[in-house]
Amino acid sequence: MKVLTRTQFGNPILRKVAEPVPVAEISSKEIQELIANMRHTLLEKKLGIGLAAPQVGVSKAVVVIAIRPLAHRHKVEPFDLTLINPEITECIGRRTAMYEGCISGGPGKASFLAKVPRYKKIKVRYYDETGKQHHQIYEGFRAQIIQHEVDHLSGILFVDRVKDTTSYLTYAEYMKRARKMLAKQK
Ligand code: ZN
């Protein structure tokens with residue numbers, strides 16, 4: 001497996017609509033390798049939580065999610081999901097603004113975040129890596145990540161959705177706040 005090179009804001013591929021994967025091709029070596037390498041890239045580089053194929057230079061409708069607990073998010077459960085040709089079919093409830101960043105927004109500590117309004121609950125239709133179709137409800141953090149990644153497949157970046165532009169902050173400043181919040185919880 002290999003660590004894939006990430007594309008960054010400004011790269012035109014991030015503004016393109018990704019091509020759907022024909023269902024018969026999901027089991028192909030090309031798609032299976034892409035999924036394995038995307039997952040490897042996320043976990044190996046500890047890049048955070050989700051990656052859409054255009055972020056590794058491939059304009060295909062493939063998303064890999066790998067949530068792991070971290071110091072500032074120690075309460076989250078490990079969670080893995082592959083979404084092929086995902087489509088959000090229903091948004092449930094109101095939107096809430098939550099901090100969000102993007103792997104394509106700069107390398108690690110040089111990145112930035114902002115508050116993005118996202119639905120707390122969504123229903124998503126997608127194929128998994130075995131070619132099985134699902135139509136499932138996701139909530140909370142998982143729903144937030146899925147909305148971010150599905151946006152990537154339409155050429156939409158989180159910065160396009162920011163309403164409160166005063167909420168932009170650097171990664172270092174975000175971590176400072178996250179640590180303070182954690183200290184308060186203890
Ligand atoms: Zn992103």
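Analysis parameters
- Residues numbered from 1 in each chain as written.
- Predicted model: local features only at pLDDT ≥ 70, side-chain atom pairs only at ≥ 80, totals over all residues.
- Heavy atoms only, no water.
- Phe/Tyr/Trp six-rings, centres within 6.5 Å; stacked < 30°, edge-to-face > 60°.
- Helix = DSSP H or I, 4+ residues; strand = E, 2+ residues; numbered from the N terminus.
- Buried < 20%, exposed > 50% of the residue type's maximum accessible area, 1.4 Å probe, protein only.
- Lys NZ or Arg CZ within 6 Å of the ring centre and 35° of its normal.
- Donors = N, O, S within 2.8 Å, 3.2 Å for Na, K, Ca; no water.
- Expected span 1.5 Å × (residues − 1).
- Contact = heavy atoms within 4.5 Å.
- Salt bridge = Lys/Arg side-chain N within 4 Å of Asp/Glu carboxyl O.
- pLDDT = per-residue confidence, 0-100.

1. Quick look at the packing of aromatic side chains
Scanning the model with the defined rule gives seven aromatic pairs in all. Relative to Tyr-138, the ring of Phe-79 lies with its centre 6.1 Å away and its plane at 65°, an arrangement referred to as edge-to-face. A residue pair is termed long-range when its members are at least 10 positions apart, and Phe-79 in strand 3 (residues 79-101) and Tyr-138 in strand 5 (residues 133-139) qualify at 59 residues. Here Phe-79 matches Tyr-138 in class, with each residue buried. A ring pair is formed by Tyr-126 and Tyr-138, whose centres lie 6.5 Å apart and whose planes are at 40°; its orientation type is tilted. With Tyr-126 in strand 4 (residues 112-127) and Tyr-138 in strand 5, the pair connects residues that are 12 residues apart, well separated along the chain. Grouping residues by exposure puts Tyr-126 and Tyr-138 together as buried. An aromatic cluster of at least three residues, connected via ring pairs, comprises Phe-9, Phe-112, Phe-158 and Tyr-168. Here Arg-142 stacks its cationic end above the ring of Phe-79, 3.8 Å away from the centre of that ring.

2. Quick notes on the coordination of the zinc ion
Bound to the zinc ion on the protein side are Cys-102 (SG), His-148 (NE2) and His-152 (NE2), at distances that span 2.0 to 2.2 Å. Exposure remark for Cys-102: the relative accessible area of 7% places this residue in the buried category. By relative accessible area, which is 7% here, His-148 ends up buried.

3. Quick word on helix 2 (residues 140-153)
Compared with the 20 Å implied by 1.5 Å per residue over 14 residues, the 21 Å span of helix 2 between its first and last C-alpha is a close match. Across the 14 residues of helix 2, 11 count as buried, placing the element largely inside the fold. For helix 2, the complete set of buried residues consists of Ala-143, Gln-144, Ile-145, Ile-146, Gln-147, His-148, Glu-149, Val-150, Asp-151, His-152 and Leu-153. Lining the buried residues of helix 2 we find strand 1 (50-52), strand 2 (62-67), strand 3, strand 4, strand 5 and helix 3 (158-161). Remark: Gly-155 follows helix 2 within two positions and exhibits a positive phi of approximately 75°.

4. Here's the deal with the pattern of salt bridges
Under the counting rule described, the total for this entry stands at 10 salt bridges. Between Arg-118 and Glu-100 there is a salt bridge whose closest N-O contact spans 2.7 Å. Placement of Arg-118 in strand 4 and of Glu-100 in strand 3 is noted, with a sequence separation of 18 residues between them. For the pair Arg-118 and Glu-100, one class covers both residues: buried. One network of salt bridges, in which partners are shared, links Glu-100, Arg-118, Asp-151 and Arg-161.

5. Observations concerning the confidence of the model for the protein chain
Of all residues in the protein chain, 97% have pLDDT values of 70 or greater, and the mean over the chain is 93. Considering each helix and strand of the protein chain separately, the mean pLDDT is smallest for helix 4 (residues 171-185), with a value of 86, and largest for helix 3, with 98.

6. Thoughts on the side chain of Gln-144
Position of Gln-144 among the secondary structure elements: in helix 2. Among the residues examined, Gln-144 registers a relative accessible area of 6% and is labelled buried. In contact with Gln-144, not counting residues within four places along its chain, are Met-98, Tyr-99, Glu-100 and Arg-118.

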